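Fold and contact review
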Amino acid sequence: MARDSKKCERLPLSTPTKRRLWSESGGYCQNPACGKFLFEGDADIDFAEMAHIVAATSGGPRDLKATELSEEMRAHHTNVAVLCANCHTVVDKDPDSHPISTMHEWKARHQQGLQLAFGTPEFESRRQARDFVEALLAQNRTVFNLYGPREDDFSEERAAQWQRHAVQTVVPNNAAIQRVLTQNRRLLRPDERGIADLFNIHVTAFEARHILGDRGAGSLTFPEGMDAIFEGDG
């Protein structure tokens, strides 16, 4: 039989693969238009289904040639999305509207959402990293413009407002930005890595002043170029 005509048969998902898939789903349907919790009430019964992105067997929905994706890779966690029973039926009955690229995007978006909620996201592109960091930088900029130190305003009220918002908003935002810069350092250009290192020094001194009350801490200002971190192509 010619290699291109080889048929792929369904391989069972291994127990470690199933555990990983459950972990990646967080117990929710990975279709972003659904997101349904995969358990009903208090019963320990789920209606989750393991939906193959490329068909588990030759001839199934979203199939590829056996030479393009082996039986083993069809049973790999990267080729399976965790969906509710209804969404699984829909994607397999209408594969043209749910191509391989769409289902991979569902998985990626779902995992990114969990990372945003419970950990530090590892982004696939500079654009994604920029969108995340830009929102936090914009919040910090707003706080600074409203309450930050000004040469023409030395009032105690302004200083108190700045201290409160620095601790409540700027410090946690800075920490989140630091984690993203560290987790996604591979996406930074060489010149940006130096900017990120300066930002880390700035953040350490900022926290020492506003959290520990150490007025003798270094006063490295917000580094030039940090506002544009992750902008453009790498």
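Here the structure is shown first, and the text comes after it.
Here is a short report on the structure shown in this document. (Residues numbered from 1 in each chain as written. Predicted model: local features only at pLDDT ≥ 70, side-chain atom pairs only at ≥ 80, totals over all residues. Heavy atoms only, no water.)

Some points on the overall build of the protein
In terms of helices and strands, the protein carries seven helices and two strands. Helices and strands in the protein line up, N terminus first, as α-β-α-β-α-α-α-α-α. With respect to the three principal axes, the spread of C-alpha positions in the protein is 80 × 45 × 30 Å. Considering only residue pairs separated by 6 or more positions, the protein has 66% of its internal contacts joining residues 24 or more positions apart. (Helix = DSSP H or I, 4+ residues; strand = E, 2+ residues; numbered from the N terminus. Contact = heavy atoms within 4.5 Å.)

Overview of helix 3 (residues 85-93)
Looking only at helix 3, the buried set comprises Cys87, His88 and Val91. The arc enclosing the buried residues of helix 3, seen along the axis, measures out at 105°, which places them on a common side. Exposed and facing more than 90 degrees away from the buried side of helix 3 are Asn86 and Lys93. Where helix 3 is buried, its residues contact strand 1 (48-52), strand 2 (80-84) and helix 4 (100-118). (Buried < 20%, exposed > 50% of the residue type's maximum accessible area, 1.4 Å probe, protein only. Arc of directions from axis to C-beta.)

What to know about a nonpolar patch on the surface
Together, Val167, Ile211 and Leu212 make up an exposed nonpolar region whose accessible area comes to about 280 Å². Residue position: Leu212 is located in the segment after helix 7 (190-210). Owing to a relative accessible area of 69%, Leu212 belongs among the exposed residues under this scheme. (Patch = residues over 30% accessible without salt bridge, like charges linked within 9 Å, V, L, I, M, F, W, Y side chains within 5 Å. Areas by Shrake-Rupley, 256 points an atom, 1.4 Å probe, with all protein chains shown as cover. Salt bridge = Lys/Arg side-chain N within 4 Å of Asp/Glu carboxyl O.)

By themselves, these observations are geometric and do not establish any function.
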